[in-house]
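For reference, the chains in residue letters:
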Amino acid sequence: MDDKPVQRPEDDYAFPQAGRERMILPQPVSTLGMGAGNVEKQMLARMSPDRVFMMGDNPALPRMPKAPQLLDFFRLRFTEITFNHLLQSAKTALDAGQDEKIVIACLLHDISNGALLRTEHGYWSAQIVAPYVSEEVAWAIQHHQALRYFADEAAGFKYPDAYNKFFGPDYQPPEYIQQAHRDARAHRWYMTSRLITVYDLYSFEANCPVDPEQFTDIIGRNFKQPREGLGFDGSPTAHMWRTMIWPNNFL
Ligand SMILES: [Fe+2]
Ligand SMILES: [Fe+2]
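In this report, the structure presented in the accompanying data block is examined. Everything numeric in this text was worked out from a predicted model, so none of it was measured.

**Observations regarding the overall build of the protein**
Phase 1 of the analysis: Counting its regular elements, the protein contains 13 helices and two strands.
Phase 2 of the analysis: Its C-alpha radius of gyration of 20 Å places the protein within 12% of the 18 Å reference for a compact globule of 251 residues.
Phase 3 of the analysis: Referenced to the eigenvectors of the C-alpha coordinate spread, the extents of the protein come out at roughly 65 × 45 × 35 Å.
Phase 4 of the analysis: Within the protein, the fraction of its 251 residues that count as buried is 45%.
Phase 5 of the analysis: Split by element, the accessible area of the protein, about 13400 Å² in all, is 54% carbon and sulfur.
Phase 6 of the analysis: Treating the 25 positive side-chain charges of the protein as one cloud and the 31 negative ones as another, the clouds have centres 4 Å apart.

**A look at the coordination of the iron ion (ligand 1)**
Phase 1 of the analysis: The protein atoms that coordinate the iron ion (ligand 1) are Asp110 (OD), His121 (NE2) and His144 (NE2), at distances of 2.1 to 2.2 Å.
Phase 2 of the analysis: Each donor residue of the iron ion (ligand 1) belongs to the same chain, with the gaps between them written as D-x10-H-x22-H.
Phase 3 of the analysis: A gap of 3.5 Å separates the iron ion (ligand 1) and the iron ion (ligand 2), which Asp110 links by coordinating each metal. Of this pair, Asp110 sits in the loop between α5 (100-108) and α6 (111-115) while His144 sits in helix α8 (residues 135-147), and the two are 34 residues apart along the sequence.

**Points about the nonpolar core**
Phase 1 of the analysis: Counting residues in hydrophobic clusters, the biggest one holds 42 residues, and the most contacted among them are Leu70, Phe74, Leu108, Val129, Phe223 and Trp241.
Phase 2 of the analysis: Per-element accounting of this core gives the leading share, seven residues, to α5.
Phase 3 of the analysis: Not counting the four nearest positions on each side in its chain, Leu108 is found in contact with Leu70, Leu86, Ser125, Val129, Val133, Ile141 and Phe223.
Phase 4 of the analysis: Ranked by size, the runner-up nonpolar core spans six residues in total, among them Ala146, Phe150, Tyr163 and Ile177.

**What to know about a nonpolar patch on the surface**
Phase 1 of the analysis: Together, Leu44, Met47, Met55, Phe250 and Leu251 line one region of the surface with nonpolar side chains, adding up to about 500 Å² of accessible area.
Phase 2 of the analysis: Tracing the backbone through its elements, the reader meets Leu44 in helix α2 (residues 40-46).

**A short note on unusual backbone geometry**
Phase 1 of the analysis: For Gln17, which is not a glycine, the phi torsion comes out positive at approximately 65 degrees.
Phase 2 of the analysis: Along the chain, Gln17 falls in the segment before β1 (21-23).
Phase 3 of the analysis: The backbone of Glu120 shows a phi angle near 60 degrees, a positive value even though the residue is not glycine.
Phase 4 of the analysis: Within the secondary structure, Glu120 sits in the loop between α6 and α7 (121-129).
Phase 5 of the analysis: A relative accessible area of 29% places Glu120 in the partly exposed class.

**Comments concerning the pattern of salt bridges**
Phase 1 of the analysis: Tallying each qualifying case throughout the model produces 10 salt bridges.
Phase 2 of the analysis: The salt bridge involving Arg63 is made with Asp57; its shortest N-O contact spans 2.9 Å.
Phase 3 of the analysis: Looking at Arg63, the relative accessible area reads 5%, which means it is buried.
Phase 4 of the analysis: When salt bridges that share partners are traced, they join Glu21, Arg46 and Arg51 into one network.

**Concerning the coordination of the iron ion (ligand 2)**
Phase 1 of the analysis: At the metal site, the iron ion (ligand 2) is ligated by His85 (NE2), His109 (NE2), Asp110 (OD) and Asp200 (OD), and these contacts range over 2.1 to 2.2 Å.
Phase 2 of the analysis: Written as a sequence motif, the donor arrangement for the iron ion (ligand 2) is H-x23-H-D-x89-D.
Phase 3 of the analysis: Residue classification places His109 among the buried positions, given a relative accessible area of 0%.
Phase 4 of the analysis: Overall, the relative accessible area of 6% leaves Asp200 in the buried class.

Analysis parameters
Numbers given to residues run from 1 along each chain, matching the order in which its sequence is written. Numbering of ligands from 1 and lettering of chains from A proceed in the order in which they are written. Side-chain atom pairs in this predicted model are given and counted only at pLDDT of 80 or more, local residue features only at pLDDT of at least 70, and totals for whole chains, interfaces and linings cover all residues. Excluded from the side-chain calculation are hydrogens and water; included are all heavy atoms of the structure. Runs of E in the DSSP output that reach at least two residues are strands. Runs of H or I that reach at least four are helices, and both are numbered from the N terminus. For this measure, only C-alpha atoms enter the radius of gyration; the expected value for a globule follows 2.2 Å times N^0.38, where N is the number of residues. Accessibility here uses a 1.4 Å probe with only protein chains present; expressed as a share of the type maximum, an area under 20% marks a residue as buried, one over 50% as exposed, and anything in between as partly exposed. Calculation of accessible area relied on Shrake-Rupley with a 1.4 Å probe; when residues are assessed, cover is drawn exclusively from the protein chains displayed. Positive charge is attributed to Lys and Arg, negative charge to Asp and Glu, and no charge count is given to His or to the chain ends. One atom stands in for each charge, and that atom is NZ of Lys, CZ of Arg, CG of Asp or CD of Glu. Donors, by definition, are the N, O and S atoms found within 2.8 Å of a metal, the threshold being 3.2 Å for Na, K and Ca, and water is not counted, so a site can look incomplete. To form a nonpolar core, buried Ala, Val, Leu, Ile, Met, Phe, Trp, Tyr and Cys residues must be joined to one another through side-chain atoms within 4.5 Å. Throughout, a contact is declared for two residues whenever any of their heavy atoms are within 4.5 Å. Patches in this entry comprise residues that are over 30% relatively accessible and not in a salt bridge; like charges within 9 Å are linked, as are nonpolar side chains (Val, Leu, Ile, Met, Phe, Trp, Tyr) within 5 Å. When a carboxyl oxygen of Asp or Glu is within 4 Å of a side-chain nitrogen of Lys or Arg, the pair counts as a salt bridge.

As structure tokens, then:
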């Protein structure tokens, strides 16, 4: 992916907190259990008139447009692996002749891994996009979290070899995931979610770049982009999009 930010007219104005060092406190969820000491107290002690905590645009990240749309997050925020993975999954579903609802579900299924959270990613991803997609698509994204641990060979899904490597061959999903799988199997939208797992690519090394622009029309018909931009439309998940715009904010 060419992640060089495009120079935009709004880049001309100064970044906030100009002239001062901007400290970034790691998010609690990303350091818990890592064995690193808690740096909160040390960083608070380092504050001075010239050294403050980051708020707003981080000069180390490409500046987002004022009214960001879905593909801006893909291009300017997502990690390369998630960027490629989502586009390749959606392309595979499209090439297989799947309905647009499956293609959009594949395009969004792991969206939280791009720039927010990996833990519980099916639930987070569903919640982030829920105000903008159909109820069925959000449901399918949520339940792929559980379904990917359980084979359905009649539907074309085997337990991924990659999971034996990621988690060890003796890994057993916890009870709440087993329950979510049972619930999903009995649901009328089961196949929508199951197809996400079928077109999910479990090899993350494959390098076949997909141009995100080819999904512009499908996004237009299946994802309600707010005029004010994602993060600024007052939706119940606007704060999640803003967190991806300004991931280093102190508060
Ligand atoms: Fe996933
Ligand atoms: Fe995936």
